[in-house]
Amino acid sequence: MDKSFGALKVLDELSFRVDPGERVTLIGPSGSGKTTILRLLMTLEKVTPKADPERDGGVVWVEGQPYSHMEKRGRLVPANERWLRRRRSSVGMVFQQFNLFPNMRVLRNVTEAQVHVAGRSKEEAEAKARDLLELVGLSDKTDAYPSHLSGGQQQRVAIARALAMDPDILLLDEVTSALDPELVADVLAVLRDIADTTSITMLCVTHEMGFARDVSDRVMMFDSGRIVEQGPPEAMFSEPQEARTQDFLRAVLAE
Amino acid sequence: MDLHAVIESLPRYGEPLLVTIGVTVASAALALVLAFALGLMTGSRHLAVRTPARVFVEFFRGTSVVVQLFWFAFAMPVVLGIQFDYLIVAGVIALGLNYGAYSSEVVRGAIAAVPQGQLEASTALNLTPFQRMRLVVLPQAWPEMIPSLCAFAIMLLKASALVSVIGILDITWLAGLIGKQPGQDRLLHYGVVLVIYFVLAWLIWTGMRALERRAKRGLGVDAKPVKGRLDPAVAAGGVG
Ligand SMILES: Nc1ncnc2c1ncn2[C@@H]1O[C@H](COP(=O)(O)OP(=O)(O)OP(=O)(O)O)[C@@H](O)[C@H]1O
Ligand SMILES: [Mg+2]
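Residues numbered from 1 in each chain as written. Chains lettered and ligands numbered in written order. Predicted model: local features only at pLDDT ≥ 70, side-chain atom pairs only at ≥ 80, totals over all residues. Heavy atoms only, no water.

### Describing the UniProt feature "domain: ABC transmembrane type-1" (unreviewed entry) in chain B
Line of reasoning, step 1. The UniProt entry lists residues 17-205 of chain B under the feature "domain: ABC transmembrane type-1" (unreviewed entry), expressed in the numbering used here.
Line of reasoning, step 2. Helix makes up 80% of residues 17-205 of chain B and strand 0%, whereas the separation of the span's terminal C-alpha atoms amounts to 19 Å. (UniProt positions renumbered as here; feature names shortened; annotations may be inferred. Helix = DSSP H or I, 4+ residues; strand = E, 2+ residues; numbered from the N terminus.)

Below, the structure written as structure tokens:
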């Protein structure tokens, strides 16, 4: 797929596939397009259309079905809101800035979409929310407003909120970057736990190389909207082949 | 003694006071409904929704309230054949439309000020556009609107005196009428009217403060009651 913002080409003929249950970490310098990829997958951005998506590409596929596009009279056309609503229920996202709803207490942050989107009963949604809040270690904060929580706590609520919708694919965009250093470990511990106990496919942008090494099956190095190099974390971190990967890793590890 | 004459004639303010309050409350209610409708429409992504609302808003903001009052009271019955049984209805509609158009900008601005991340998070949870607005955006925008809406409500209270131009007797006109009578002091009567407006404006302001505090509490922002101020429940009840 391609993605341009005006004249700026951010993703250039990018193509990759992720297997069900795979954990992929996206690394690369600032501006290389990592966030853009996750936002495309969350349908917060649209791929830049091509004349013939069937032949030229530019289509996101999920589980063998078009995702960014839909079929219309035998042709692939950009998806409309109805199609997107049907398809994106299998994808969840956690944001760098948490984006909890400040007008709802913690419990309601986690139940709201369950009730209004997934159609669950209030009791069912609350039971699930309490389980998930326990998983992220926040059972005692269900009645707090987000503004009364630390960044790390807010981010763990955001993770619970995303998981409550039972996504098959979870997108994590630098979820610890906005946190004070001492709060990072709690959030990463929760994510490790989720990686260990579920089979959710995870696409994760992070600068936490230790976490990436432990959790991911594959690391992808991006630069200027292209994949520079990819492979299992051991290989990528101990003997990167490309000069740009070596430079990037040296810079990150020096921090 | 002048003061005595003023006090004697105070009961005559009763009905015009009801007119002032009635016109203010009714046109504020109309303006509020319109402000939300127009504010949502002018903020829409769709040109076909945005344009008519924009034209409506600019028309009512760009023309004089007095002319609008005349139009609804006297021109519309002739031109469109629509006659109101009571002139006061024409006054309420003209003021309501005018202030609705003005305050729609407050609604639109507050909605636009809700951080983009909130919309993105609700999209990621697959809420419909309507649910995004109802569950996420409006509850966050509402507390931000209250102070400006309060300012408009007070302006509307003062503008309610304009209904006298279409022949409706409100407190301002009454003060002028009584003041002209022998043995009455016009300045004292205008003083009475000043005090009445001030008390009404204060009631609006106190009620809005209470509303705002409650709305902010709903965002988890601590809003401690200020010492010496009226109990929020009482104040809100006072304005309705
Ligand atoms: N909405 C937008 N409009 C214009 N340009 C944009 C927009 N979003 C992103 N870009 C540009 O696209 C490029 C890629 O941005 P992106 O956010 O995907 O990078 P990133 O790899 O996530 O970087 P970082 O590590 O800093 O988060 C950047 O040059 C950025 O300025
Ligand atoms: Mg980014």
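### Regarding the packing of aromatic side chains
All names here are of chain B.
Line of reasoning, step 1. Within the structure shown, the criterion is met by eight aromatic pairs over all chains.
Line of reasoning, step 2. With 6.0 Å between their ring centres and 35 degrees between their planes, Phe70 and Phe74 make a pair best called tilted. Taken as a pair, Phe70 and Phe74 lie in helix H4 (residues 65-79) at a separation of four residues, close to a single helical turn.
Line of reasoning, step 3. With relative accessibility at 36%, the residue Phe70 sits in the partly exposed group.
Line of reasoning, step 4. On the basis of an interplanar angle of 75 degrees and a centroid distance of 6.5 Å, the ring pair of Tyr99 and Phe152 is categorised as edge-to-face. Here Tyr99 is found in helix H5 (residues 87-112), whereas its partner Phe152 is found in helix H7 (residues 129-159), with 53 residues between them in sequence.
Line of reasoning, step 5. An aromatic cluster of at least three residues, connected via ring pairs, comprises Phe56, Phe59 and Phe60. (Phe/Tyr/Trp six-rings, centres within 6.5 Å; stacked < 30°, edge-to-face > 60°. Buried < 20%, exposed > 50% of the residue type's maximum accessible area, 1.4 Å probe, protein only.)

### As for the side chain of Glu45 of chain A
Residues and elements named next belong to chain A.
Line of reasoning, step 1. Following the sequence through the fold, Glu45 ends up in the loop between helix H1 (34-41) and helix H2 (53-56).
Line of reasoning, step 2. The exposure class of Glu45 is buried, given its relative accessible area of 18%.
Line of reasoning, step 3. Among the polar contacts made by the side chain of Glu45, one reaches the side chain of Arg39 at a distance of 3.0 Å.
Line of reasoning, step 4. The residues touching Glu45, leaving out its near neighbours within four places in the chain, are Lys3, Phe5, Arg39 and Leu40. (Polar contact = N/O pair within 3.5 Å; in protein donor to acceptor, adjacent residues only side chain to side chain. Contact = heavy atoms within 4.5 Å.)

### Focus: the interface of chain B and chain A
Line of reasoning, step 1. Each partner contributes residues to the interface: chain B has 24 residues there, and chain A has 26 residues.
Line of reasoning, step 2. Between chain B and chain A, roughly 2,100 Å² of surface is buried when both sides are summed, and carbon and sulfur atoms account for 56% of that area.
Line of reasoning, step 3. A per-residue breakdown of the area chain B buries against chain A is headed by Glu120, Leu125 and Asn126 of chain B, which together make up 30% of the total.
Line of reasoning, step 4. Taken together, chain B and chain A are joined by two salt bridges.
Line of reasoning, step 5. Residue Arg132 of chain B pairs with Glu81 of chain A through a salt bridge whose shortest N-O separation is 3.5 Å.
Line of reasoning, step 6. Linking chain B to chain A there are ten residue pairs in polar contact (both at pLDDT 80 or more).
Line of reasoning, step 7. Of all the secondary structure elements, the ones that give two or more residues to the side of chain B that touches chain A are helix H6 (116-124) and H7 of chain B. (Buried area = accessible area lost by both parts, 1.4 Å probe. Salt bridge = Lys/Arg side-chain N within 4 Å of Asp/Glu carboxyl O.)

### Side note on the site of ligand 1
All names here are of chain A.
Line of reasoning, step 1. By nearness alone, every residue bordering ligand 1 is listed as Phe5, Leu8, Val10, Pro29, Ser30, Gly31, Ser32, Gly33, Lys34, Thr35, Thr36 and Glu174.
Line of reasoning, step 2. Between an oxygen atom of ligand 1 and a side-chain N or O atom of Lys34, the distance comes to 2.8 Å.
Line of reasoning, step 3. Within the side chain of Glu174, one N or O atom sits 3.3 Å away from an oxygen atom of ligand 1.
Line of reasoning, step 4. Alone, ligand 1 offers 630 Å² of accessible surface; in the complex the protein occludes 61% of this.
Line of reasoning, step 5. Counting residues per element, the ones that place at least two in the shell around ligand 1 are strand S2 (8-11) and H1. (Near = heavy atom within 4 Å. Areas by Shrake-Rupley, 256 points an atom, 1.4 Å probe, with all protein chains shown as cover.)

### Some words on a nonpolar patch on the surface
Line of reasoning, step 1. Taken together, the side chains of Trp71, Val78, Val79, Leu80 and Ile82 of chain B make up a nonpolar region of the molecular surface, amounting to roughly 500 Å² of accessible area.
Line of reasoning, step 2. In this fold, Trp71 of chain B is placed in helix H4. (Patch = residues over 30% accessible without salt bridge, like charges linked within 9 Å, V, L, I, M, F, W, Y side chains within 5 Å.)

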